[in-house]
Every structure is written in structure tokens, then in C-alpha cells.
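Each chain, written out:
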Amino acid sequence: MNWTAIKAIYVFEMARFFRTLTQSFISPVISTSLYFVVFGAAIGSRIDQVDGISYGAFIVPGLIMLSIMTQGISNASFGIYFPKFIGTIYELLSAPVNFLEIVIGYVGAAATKSLFIGVVILATSWFFVDLTILHPFAMLAFMILTCTSFALFGFIIGIWAKNFEQLQLVPLLIVTPLVFLGGSFYSISMLPPFWQTVTLFNPVVYLISGFRWAFFGLADVPVGLSLLAIAGFSALCMLAVWWIFKTGWRIRS
Amino acid sequence: MTAIVDIQDLKKTYEGGFEALKGVTLAIKEGEILALLGPNGAGKTTLISTICGITTSTAGSIHVGGFCVDKDFRGARSLIGLVPQEINLEPFETVWNTVQFSRGLFGKRRDDAYLEKILRQLSLWDKRKSRIMELSGGMKRRVLIAKALSHEPRVLFLDEPTAGVDVELRKDMWDTVAQLKADGVTIILTTHYIEEAEAIADRVGVINKGQLLLIEEKADLMKRLGQKQLRVELQDPIAALPDGLGDYDLTLSEDGASVVYTYDTKADRTGITKLLADLAGAGLSLRDLQTEQSSLEDIFVGLVKEGQS
Ligand SMILES: Nc1ncnc2c1ncn2[C@@H]1O[C@H](COP(=O)(O)OP(=O)(O)OP(=O)(O)O)[C@@H](O)[C@H]1O
Ligand SMILES: [Mg+2]
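About the cut-offs
- Residues numbered from 1 in each chain as written.
- Chains lettered and ligands numbered in written order.
- Predicted model: local features only at pLDDT ≥ 70, side-chain atom pairs only at ≥ 80, totals over all residues.
- Heavy atoms only, no water.
- Contact = heavy atoms within 4.5 Å.
- Buried area = accessible area lost by both parts, 1.4 Å probe.
- Salt bridge = Lys/Arg side-chain N within 4 Å of Asp/Glu carboxyl O.
- Polar contact = N/O pair within 3.5 Å; in protein donor to acceptor, adjacent residues only side chain to side chain.
- Helix = DSSP H or I, 4+ residues; strand = E, 2+ residues; numbered from the N terminus.
- 1 Å grid on protein atoms, 1.4 Å probe; cavity = no way out; pocket = protein on both sides within 12 Å on 5 of 7 lines; lining within 4 Å.
- Points joined across faces, edges and corners; volume = space filled by probe spheres on them.
- Nonpolar A, V, L, I, M, F, W, Y, C, P; charged D, E, K, R; others polar.
- Domains from an automatic or database assignment.
- Buried < 20%, exposed > 50% of the residue type's maximum accessible area, 1.4 Å probe, protein only.
- Pairing = 2+ DSSP bridges.
- Axes fitted to C-alpha atoms, helices over the stretch in contact; angles between N-to-C directions.
- Donors = N, O, S within 2.8 Å, 3.2 Å for Na, K, Ca; no water.

Regarding the interface of chain B and chain A
Point 1. Each side of the interface is counted separately: chain B has 30 residues, and chain A has 25 residues.
Point 2. Interface area for chain B against chain A, summed over the two sides, is near 2600 Å², with a carbon-plus-sulfur share of 59%.
Point 3. Seen at the junction of chain B and chain A, the total is five salt bridges.
Point 4. Arg19(A) is paired through a salt bridge with Glu93(B); the nearest N and O atoms lie 2.7 Å apart.
Point 5. At the surface where chain B touches chain A, the tally comes to 10 residue pairs in polar contact (both at pLDDT 80 or more).
Point 6. Contributing elements (two or more residues each) for the side of chain B that touches chain A: helix 2 (73-77), helix 3 (95-105) and helix 5 (137-150) of chain B.
Point 7. Ranked by the residues each element gives to the side of chain B that touches chain A, the list is headed by helix 3 of chain B, at six residues.

Observations concerning empty space enclosed by the protein
Point 1. Enumeration according to the criterion identifies five cavities of 30 Å³ or more in this entry.
Point 2. Here the largest cavity is characterised by a volume of approximately 120 Å³.
Point 3. Around the largest cavity sit 13 residues that line it, and Phe12(A), Thr88(A), Tyr106(A), Glu90(B) and Phe101(B) are the ones nearest its centre.
Point 4. Going through the elements one at a time, helix 1 (3-19) and helix 4 (89-94) of chain A together with helix 3 of chain B are the ones with two or more residues in the lining of the largest cavity.
Point 5. Among the elements that take part in the lining of the largest cavity, helix 1 of chain A stands out by supplying three residues, more than any other.
Point 6. Grouping the amino acids of the lining of the largest cavity by side-chain chemistry returns six nonpolar, two polar and five charged.

Some words on the domain arrangement of chain B
Point 1. As far as domains go, chain B holds domain 1 (3-223) and domain 2 (227-293).
Point 2. Here the C-alpha centroids of domain 1 of chain B and domain 2 of chain B sit 47 Å apart.

Focus on the environment of Pro96(A)
Point 1. Position of Pro96(A) relative to the elements: it lies in the loop between helix 4 and helix 5 (99-128).
Point 2. Exposure remark for Pro96(A): the relative accessible area of 3% places this residue in the buried category.
Point 3. Pro96(A) sits 22 residues away from Ser74(A) along the chain, and the two C-alpha atoms are 27 Å apart.
Point 4. Here Pro96(A) is in contact with Asn2(A), Glu101(A), Phe73(B), Arg74(B), Arg77(B), Ser78(B), Leu105(B) and Phe106(B), once residues within four sequence places are set aside.

Notes on the sheet that holds strand 14 (residues 286-293) of chain B
To summarise the sheet geometry, strands pair through backbone hydrogen bonds and adopt either a parallel or an antiparallel arrangement.
Residues and elements named next belong to chain B.
Point 1. Read from one edge to the other, the open sheet built from four strands follows the order 12-13-11-14, with strand pairing classed as antiparallel. The outermost strands of the open sheet, each flanked by one partner alone, are strand 12 (250-252) and strand 14. Pairs of neighbouring strands in the sheet enclose a mean axial angle of 20 degrees, with direction left out of account.
Point 2. Of the strand pairs in this sheet, strand 11 (residues 227-234) and strand 14 are connected by seven bridges, and their pairing is antiparallel. In the sheet register, Gln229 faces strand 14, and the bridge partner there is Glu292.

What to know about the pairing of strand 1 (residues 3-13) of chain B
All names here are of chain B.
Point 1. Across eight bridges, strand 1 lies against strand 2 (residues 19-29) in antiparallel orientation. When the bridges of strand 2 are listed, Leu10 appears paired with Val24.
Point 2. In this antiparallel pair of consecutive strands, strand 1 and strand 2, the connection spans five residues, and Gly17 shows a positive phi of 100 degrees.
Point 3. Here five bridges tie strand 1 to strand 4 (residues 59-64), and the two strands are oriented antiparallel to one another. Counterpart to Ile7 in the pairing with strand 4 is Ile62.

Things to note about the coordination of the magnesium ion (ligand 2)
All names here are of chain B.
Point 1. Donor atoms from the polypeptide that coordinate the magnesium ion (ligand 2) comprise Thr45 (OG1) and Gln85 (OE1), at 1.8 to 2.1 Å from the metal. Remark: Gln85 occurs in the loop between strand 6 (80-83) and helix 3 and Thr45 occurs in helix 1 (residues 44-52); sequence separation between them is 40 residues.
Point 2. The class of Thr45 is partly exposed, set by a relative accessible area of 29%.
Point 3. For Gln85, a relative accessible area of 28% gives the class partly exposed.

Written as C-alpha cells, this is what we have:
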């Protein structure tokens, strides 16, 4: 392992993040606050509690998930798309690094950024609702795993994308709907039976359910299944990345 | 002779089916400066990209420092520095961070003193804290060079390093190249400028349409170029050269109407005065005189034309 190279990539990528730190910091704070105002105040006044938890608190895990998934994807996809776009990728391709080192550097940085945002949102939530986290370590583990696997997914999108539109397409058309329909803002048990079954085909459900369990000890699906889902998703992404670098798909002509 | 870069029958066909390299075999000697000349689209960049790992080869083999560029890519690539033809730089980063990144990416430990030396050498030290987007085109090109040098390569590829660079800077770059050569770095550069090849290269290769048409020591090439031909037209054709002119490098034309004398313009004496006297002495009367000189440009154009027909 060329750790020096991994560190170089990681540091360089994080520098981009630090250049826009205020921006990176302020936008999740504002959007979280907005969610609390809209969902918490408007809907929360009608739905008092979900499974014995105040609605405001109930949506916190979903809110965090929504952000770290979309941020993980957009950070990582942009992180690798940008060098492709401006041509600096030549240096990566000509460097004595293997695919794993490139992935660890880029995905690691993207995951760190979304983790940071997740933590910011969590902290912001404390201003709005009372939160006690039942399994803090599991919470952190779920958060890190989600950040990493979605960054990995974003990395693939970044390599696949041929223009900025495509870069936005997958997050917009696939991920956001899946997250919204994945029980971020409601419990699956609130749906009619038919839709409950349909929902179980949405992979995001498992992630949010597991994450929520770490907070409140409540889950729509067994926690083991959630872990399996996230591990499976990461493995699938890893396989795709391995194949991309083996064949040079969309990076080496 | 040790070849630091050894290319055997390298072929490259791009996805669309275009054959950009049609079997190039080339051994680059350690410590030399090799200039690759060729018109647009000749395959110079493709050749360099394939060696450096940016494009994959279709057939053939490449070894750098004894490492196969596919199987031992780490060994091979850690020896190579590449200055690409296009100016590809992250616009928002500072010069210093960009160069630091390159060094780290190649797995070299941080060495600020070394990077400072390079930046000073390339007159970029004052600009180290500037963002790339704030630099002029020539400065950006030097940043690319600094990046390539940051990880102390043994083999440096310069893909048209002086394109769009003013005369003074071009001279600076030649000095830099000479300095690198003195440090033992092997340098391969592509250029459209024959003077550039003449000025700094040890060997010159001409490539066109994916084929290496010529590769020769510059000194030999220059010797060939330094030669001039004097054509002496005779009043009356002769059947054979008269005896007593055997010391001269003479050829008689087929129709016997002219004698061609090949001589070295760089020699102290060209021997023309004596030749003309001797010709007259042999009883030949002269009608007219012409001289011809072939330049590297002529050879280059000739080779390229041949390749096209
Ligand atoms: N990615 C690519 N896909 C398809 N064809 C390509 C690609 N890159 C280069 N070519 C073709 O390969 C040929 C050689 O290109 P190359 O860039 O190697 O030329 P070059 O000698 O560097 O020219 P120049 O002096 O203009 O830089 C050209 O005909 C070019 O169109
Ligand atoms: Mg080129």
C-alpha cells in the first residue's frame, strides 16, 4: 500500500472542502433548520408521536441519512469527475498507485466530508428537539458505513458521468426519491400493507431503519438485515470500482 | 548501451478503430535527450501516453528501467515524470499545494527544501502561494514541469514543452533540460520545432502516421546536413572521370554532362578552388556551377511526404 499517495489524495481533496468550509457548514445548518420548521412544526403539530417518540426527534435519523447519502454521492462524484473534466486525471493514471489507493483517497475524503455534515446536522437538531441516543457507537458506525458506501457509489457515478447533467441525474432521479420514500419522515408501519411490502424493496429503508434503531431502539426491519444491506451495497460498489479500474472503463482510452 | 525505456513493436488502436501507433520499436538510452519530431496527429502524444499508463496499448511491450509498464506498473511509473501537452491543472489550488500533491502521489516523502529548489529553478518561487488560475500560460506550463520534477523522476517526458512559450522562456527551458541531463535524467521531448531538436537533443526521431521513420544521432544527422553538393556542368559530356581526380568525392551524372562534388561546409577548407583548378587542368571546360544543401527541415519534410504517398 502506498500510504503516502493515499494521504496526498486525501489531503488535496480535503483542501477543496476547507476552502469552502463556511459554505459546507452553513448550508446543512440552514436546511436542517428548515426541515424542522416545516416538518416538525407543520406536520408535528398533527402527528404528535411515532412509536412513542416525538415526531421532531423521530425524523432526525432520517434527516441525517438524507443529507449524508446525497452529500456522500455528490462529494465523491464531483471529486473524481472534476479531474476528468479539467484533465488533471492524467496524473492519477500515470502515478504508481493502484485502484484501491485511489479509491481510499477519494472516497475517504468524500466520506469524511459527509460525516462532518452529518455531525453538523445532529448538532443542529439538538437545538430543536430533545434527543437521547440509545446506542451511540452503533449510531456512529451506521453513519460512517453509510457515508463510505454512498461515497463509493458516488465515485462510480463520477467516473460514469460524461457531463455535468449526468452527474446530477442519478442523485436527483434515483437517490432522492428512494430516500424520501425510504421512511425518512415516517415509520413504515404507518403505510397501508401493500405499500409496506413495496417499500421493502427500497434498499434505503434498511439503512434508515438501522440508523433509527441506534437512536431509539426501534426498527422497521431487523438490525442484522440493515447491516447486511449496507455491507452488500458496499461490496457491490467495490466490485464495480474494481472492474472499472481493471478495464479502464471511461478513464483510460 | 543500457536502454532505460525499451519499446517493442508497440501498437495502439483507439476505440473507434483508428490505428494511432503501427508497431513502434524504440530503445531510449539512459541519460540521453531524445527529440521526437512529427506533424500534428503523428502519434507522439499517444506514444508517450501509452508509456506513462494513460492509455492502454493494443499490442507490444514497454519496459521502463527494466519494469514492464503493465505488470510492474509501480516500479515503472515511479521512475517517470510527465509534462503533458495540454495545460491540465486544478485552477483553485495554489502552486505549492499542487506540487506537494504530485510528490505525495508518487509516494515520495515530503521534502520542502527539494520542492523549493525546483520552484526557484523554474522561477516560480515567488508565485508559490498564488492560485493556478492567477498565473500566465507560460507560468502554468512551468508548474506542470515542477509537478513532473517534484517526485524526482529518472525519465522525463516533455510533450511539446515550448508550445506557446516566448523566446526567452524557451531558452530558460532548454537550460533546465540541460541541467536535468547533467543530473542524469533521461529526457524525451516532442516538438514541432526543428531548431529545438537541433539545439538540445542528442538523438532525433521522426514519427509520422504512427510509425517511427527515422532515429539517428543528432551529430550524424547534422553531419549529413552540413554536407553540400556542388554540381559542375560541363561544356562537353565525358564518358568517365579523368584520372588524377580520385582524391575528390566526385560522382559523374548518368549523361556525363555534370560532375557532383560533395563537401563539408564546416571543414576549414572546402577544396573548391583546387577542384576547379584541377578540373580545368584535366582539360574540361566548365559551363555552370550550382550548389545544394539539404536541411533537417528537408529531410523531415521528405520523410513525412514519403510516408504519405
Ligand atoms: N482518445 C482518442 N480517441 C481516438 N483517436 C485518438 C485519441 N487520441 C488521439 N487520437 C488520434 O490518434 C492520432 C495521433 O494523435 P496524437 O495526439 O498522438 O498526435 P500527436 O503526434 O501528439 O499530434 P500533435 O502534434 O498535434 O500533438 C490522431 O489522429 C488522433 O486523432
Ligand atoms: Mg501531441
